[in-house]
Amino acid sequence: MTAPARPADRITPALWLTGGLVFAFIYLPLAVVIVYAFHDSPIIAWPLRLGTLHWFADLARDRGMLEAALASLKLALLAVVLALILGVPGAFLLDRYQFPGKTAFRRLVLLPLILPGIITGVSLLTFFSFIGLGLSSGFPLVPGWPVVLGHAAALTSVVITQVFARLQRLDRAQEEASQDLYANEWQTFRYITFPSIRTAVLGAGLLVFTLSLDEIAVTFFLIGRQNTLPLQIWGLLRRGITPEVNAAATVIFALSVAVIVVWARLVRDER
Amino acid sequence: MSLPAAPTLLDRIRARPRIRTAVAAALPVGFVTALLFVPYVLLLVHSFWRLRGGVITHEWTLDNYRRLFGTSLYPDTILFSAGVALRVTLCSLLLAYPLAYLLAFKVRRHKQLMYMAVIIPLWVSYLVRAYAWKIILGQSGILNGLLQSAGLVDQPLTFLLYSRWAVILALTHIYTPFTLMPIYAVLEAIPPALKEASADLYASRWQTFRRIVLPLSIPGVLAGCTFAFVLSMGDFLAPQLLGGNDSALMVSNLVWSLFGVAYNWPLGAAVSVVVLLLTVFLLWLANRVETAMNYGGEVAGAPDRRAVSVGGRGV
């Protein structure tokens, strides 16, 4: 299946070089942040002096940071639960049902993915202020109901698109066969449909989890008195650059990569 | 397999497709209406309300829009942001296309892994990626350190950070993987047979690229560029971190301050509505261009448009 032999070209090596440079451009800044987490001086400057875990120790003692991390975890878990409860039926709705306003529903659901986060953020802010739901309501049980609902609203789209994509590829003949064999709808769902979308649902959940942990544009407008992790870091950044931020970034980076690797496996297994 | 029992309420609901649809729809549609549709509409409504003595009154007025378009301040800000976003889009496209091409056609081993490696930064702390540039470009940053130790400059360069260029650089860095995703998706979907046929017909590599690959990749390019433009125009954190005085010229920062310290929600809402309309217009335009160029999926192997349009953070 190879193309006929042609003279060696000079484009391919150039392409590899360009690709390599772009790759470096994407990763070098991240590498810089991580490497400077081990920098043995409170001032982030050249030259680099490697060899301290001091900043990680500082981080572990930083109460504001730990509380923010806890709030972020709670928020992300709630966002995942809500987004799944709403997103999975939403995906089925788009895949299998006809109803008036279906196109509008689909477009609306995609909006938070397409619009700049700030627009969704200020919209939700006007909404919660209008209905009089305080930004800190629900605290300390949750970081605040508005931010929980806001994350759910913005991230349900992710679940819907992911699960919908899987449903579209699903072989409906299996479901029909199941019904022909007198399985009721619940049984068909339980034994046929759900197993084939399970990894998509799990994957979407993990994706929502990482996106919620990192979300800042919507969170910015909806947060009450308890900061989330990105906002706490933002607060530190505004005061200047400190290696503690690098340590926090390194931890977040490692955790996100771990979650994404799990997600990628789930998605790949299904191919 | 249970025996059929007497019809329950649930069975009766099941038996009637219309009611069934309504029940299935109630939760997601209700939630999306309450927490997406109503808020977006409320934003629009706020933009027609009046601020009187620091209090939002529910009186209809066009004053916010008059103020918005009455002076050159707000239109200039929108144009400035669009300029920044346009530069970011072009840079991202120039960086993303070759890498997407490489991944789609040249990488053979660990292709999926390499693609994931490019995409991972998207899901890893946005703030970290913006902040990294502060370390690199700062007065005592890495770039200055390197330049000084190489003897190229005596004094640290101060213009690197806190300018629109730093913002453009950081946003390009942040949104290049975004741009890459839909381009990669369309390139991946091009059947190898098409390229082979072109080569069999004695087309040169350039001709194959120009006549086969490039036209087929346009939908992905459009999707990627729309994302990069819209998201960089709406970015308000990277400019605050890296933009210095220039950051005040970004429209998203205007929205941010109008909803924050300035506490003028109606005017802020009006600016947001303009940005929202601009976004919707761009999406419509991209869609029109795509249709006009006849990429409706008729070409064999043309990628599923839906898969592309969902290619944002979602996929």
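Please read all numbers here as calculations on a predicted model, not as lab measurements.

The rules we used
Residues numbered from 1 in each chain as written. Chains lettered and ligands numbered in written order. Predicted model: local features only at pLDDT ≥ 70, side-chain atom pairs only at ≥ 80, totals over all residues. Helix = DSSP H or I, 4+ residues; strand = E, 2+ residues; numbered from the N terminus. Contact = placed C-beta atoms within 7 Å. Rg over C-alpha atoms; globule rule 2.2 N^0.38 Å. Axes fitted to C-alpha atoms, helices over the stretch in contact; angles between N-to-C directions. Parallel < 35°, antiparallel > 145°, perpendicular 65-115°, else oblique. Left-handed = near helix turned anticlockwise from the far one by under 90°. Nonpolar A, V, L, I, M, F, W, Y, C, P; charged D, E, K, R; others polar. Expected span 1.5 Å × (residues − 1). Bend = angle between axes of the 7 residues up to and from the residue. Buried ≥ 20, exposed ≤ 12 C-beta atoms within 10 Å, placed from the backbone. Pairing = 2+ DSSP bridges. Core = buried A, V, L, I, M, F, W, Y, C linked by C-beta atoms within 7 Å. pLDDT = per-residue confidence, 0-100.

Colleague: Looking at this structure, how should I read the overall build of chain B?
Modeller: Check the secondary structure of chain B and you find 14 helices and two strands. In chain B, 73% of the contacts between residues at least 6 apart in sequence involve partners at least 24 apart.

Colleague: Mind showing me how you'd approach the overall build of chain A here?
Modeller: Regarding its fold elements, chain A presents 11 helices and zero strands. Compactness check: chain A gives a C-alpha radius of gyration of 23 Å against a globular reference of 18 Å for 271 residues, more than 25% above the reference. With respect to the three principal axes, the spread of C-alpha positions in chain A is 70 × 70 × 30 Å. Taking all contacts inside chain A whose residues are at least 6 apart in sequence as the whole, residues at least 24 apart take part in 77%.

Colleague: In this structure, what is going on with the packing of helix 5 (residues 117-131) of chain A against helix 13 (residues 265-292) of chain B? I would like to understand it.
Modeller: Between two packed helices, both the angle of their axes relative to each other and the distance between the axes serve to describe the pair. For the pair helix 5 of chain A and helix 13 of chain B, the least separation of the axes is 10 Å and the interaxial angle reads 140 degrees. In terms of orientation, helix 5 of chain A lies oblique with respect to helix 13 of chain B. For the element pair helix 5 of chain A and helix 13 of chain B, the recorded crossing hand is left-handed. Every residue of helix 13 of chain B that contacts helix 5 of chain A at I119, V122 and T126 of chain A is listed here: W265, G268, A269, S272, V275 and L276 of chain B. Here the residues of the contact of helix 5 of chain A with helix 13 of chain B sort into six nonpolar, three polar and no charged.

Colleague: What am I meant to see in helix 10 (residues 205-233) of chain B here?
Modeller: Spacing of three or four residues puts side chains on the same side of an α-helix, whose turn is 3.6 residues. Its 29 residues place the ends of helix 10 of chain B only 36 Å apart at the C-alpha level, less than the 42 Å of an ideal helix rising 1.5 Å per residue. The sharpest bend along helix 10 of chain B reaches about 45 degrees and sits at I218 of chain B, with the proline P219 of chain B one to four residues further on.

Colleague: I'm lost on the packing of helix 3 (residues 63-70) of chain B against helix 13 of chain B in this one. Help?
Modeller: Residues and elements named next belong to chain B. Their axes nearest at 9 Å, the elements helix 3 and helix 13 cross at an angle of 65 degrees. The angle between helix 3 and helix 13 places the two elements in the roughly perpendicular class. For the element pair helix 3 and helix 13, the recorded crossing hand is right-handed. Of the residues in helix 13, those touching helix 3 at N64, Y65, R67 and L68 are P266, L267, A270, V271 and V274. Grouping the amino acids of the contact of helix 3 with helix 13 by side-chain chemistry returns seven nonpolar, one polar and one charged.

Colleague: Just to check I follow, could you spell out unusual backbone geometry for this structure?
Modeller: It is generally the case that most residues other than glycine have a negative phi and that most peptide bonds are trans. Despite not being glycine, Y182 of chain A shows a phi value in the positive range, around 70 degrees. Its place among the elements puts Y182 of chain A in the loop between helix 7 (172-180) and helix 8 (185-214). In this structure Y182 of chain A comes out as exposed when scored by C-beta crowding, with 9 C-beta atoms within 10 Å. Its identity is not glycine, yet Y202 of chain B carries a phi of approximately 65 degrees, on the positive side. Assessed through the 9 C-beta atoms surrounding it within 10 Å, Y202 of chain B is described here as exposed.

Colleague: Honestly, the interface of chain A and chain B in this entry has me stumped. Any pointers?
Modeller: Quite often, the size of an interface is put as the accessible area lost when its parts meet. Facing the 78 residues of chain A at the interface are 81 residues of chain B. The set of elements that each furnish at least two residues to the side of chain A that touches chain B consists of helix 1 (11-35), helix 3 (63-96), helix 4 (102-114), helix 5, helix 6 (145-169), helix 8, helix 10 (229-238) and helix 11 (243-269) of chain A. With 14 residues, the top contributor of residues to the side of chain A that touches chain B is helix 1 of chain A. A per-class count over the side of chain A that touches chain B returns 62 nonpolar, 12 polar and four charged.

Colleague: Whenever I open this one, the pairing of strand 2 (residues 55-60) of chain B confuses me. Can you help?
Modeller: Taken residue by residue, a regular strand's side chains alternate between the two faces of the sheet. Residues and elements named next belong to chain B. Little of strand 2 sits out of view: just zero of its six residues are buried. Here strand 1 (residues 49-52) pairs with strand 2 via four bridges, running antiparallel. Each residue of the ladder has a partner; that of R52, found in strand 2, is V55. Adjacent in sequence and paired antiparallel, strand 1 and strand 2 are bridged by two residues, among which G53 carries a positive phi angle near 60 degrees.

Colleague: I tried to follow the nonpolar core on my own but got confused; where do I start?
Modeller: Most often, soluble globular proteins keep nonpolar side chains buried together rather than apart. The biggest cluster of nonpolar side chains holds 172 residues, and the ones touching the most others in it are A79, A83 and V208 of chain A together with A130 of chain B. Of all the elements, helix 3 of chain A adds the most residues to this core, at 18 residues. Contact partners of V208 of chain A, with chain neighbours within four places excluded, come to A79, V80, A83, L155, V158 and V159 of chain A.

Colleague: Just to check I follow, could you spell out the confidence of the model for chain B for this structure?
Modeller: Any segment with low pLDDT has predicted coordinates that should not be analysed in fine detail. Residue and element names in this part refer to chain B. Model confidence for chain B is summarised by a mean pLDDT of 83, while 89% of its residues fall at 70 or above. The secondary structure element of chain B with the lowest average pLDDT is helix 14 (residues 305-309), at 35, and the one with the highest is helix 4 (residues 73-106), at 93. Note that pLDDT drops below 50 for residues 296-315; the model gives that stretch 45 contacts with residues more than four away or on any other chain. Note on the complex model: pTM 0.85, ipTM 0.86.

Colleague: Which parts of the structure should I look at to understand the environment of A104 of chain B?
Modeller: Mapped onto the secondary structure, A104 of chain B falls in helix 4. With 20 C-beta atoms counted inside 10 Å, the residue A104 of chain B sits in the buried group.

Colleague: I'm lost on the confidence of the model for chain A in this one. Help?
Modeller: In this model, chain A carries a mean pLDDT of 86, and residues with pLDDT of at least 70 account for 96%. For chain A, the element scoring lowest by mean pLDDT is helix 11 of chain A, at 82; helix 5 of chain A scores highest, at 93.

Colleague: So what exactly am I meant to see when it comes to the environment of Y191 of chain A here?
Modeller: Residue and element names in this part refer to chain A. Note on placement: Y191 falls in helix 8. For Y191, a count of 12 C-beta atoms within 10 Å puts it in the exposed group. A C-alpha to C-alpha distance of 32 Å links Y191 and L75, two positions 116 residues apart in sequence.

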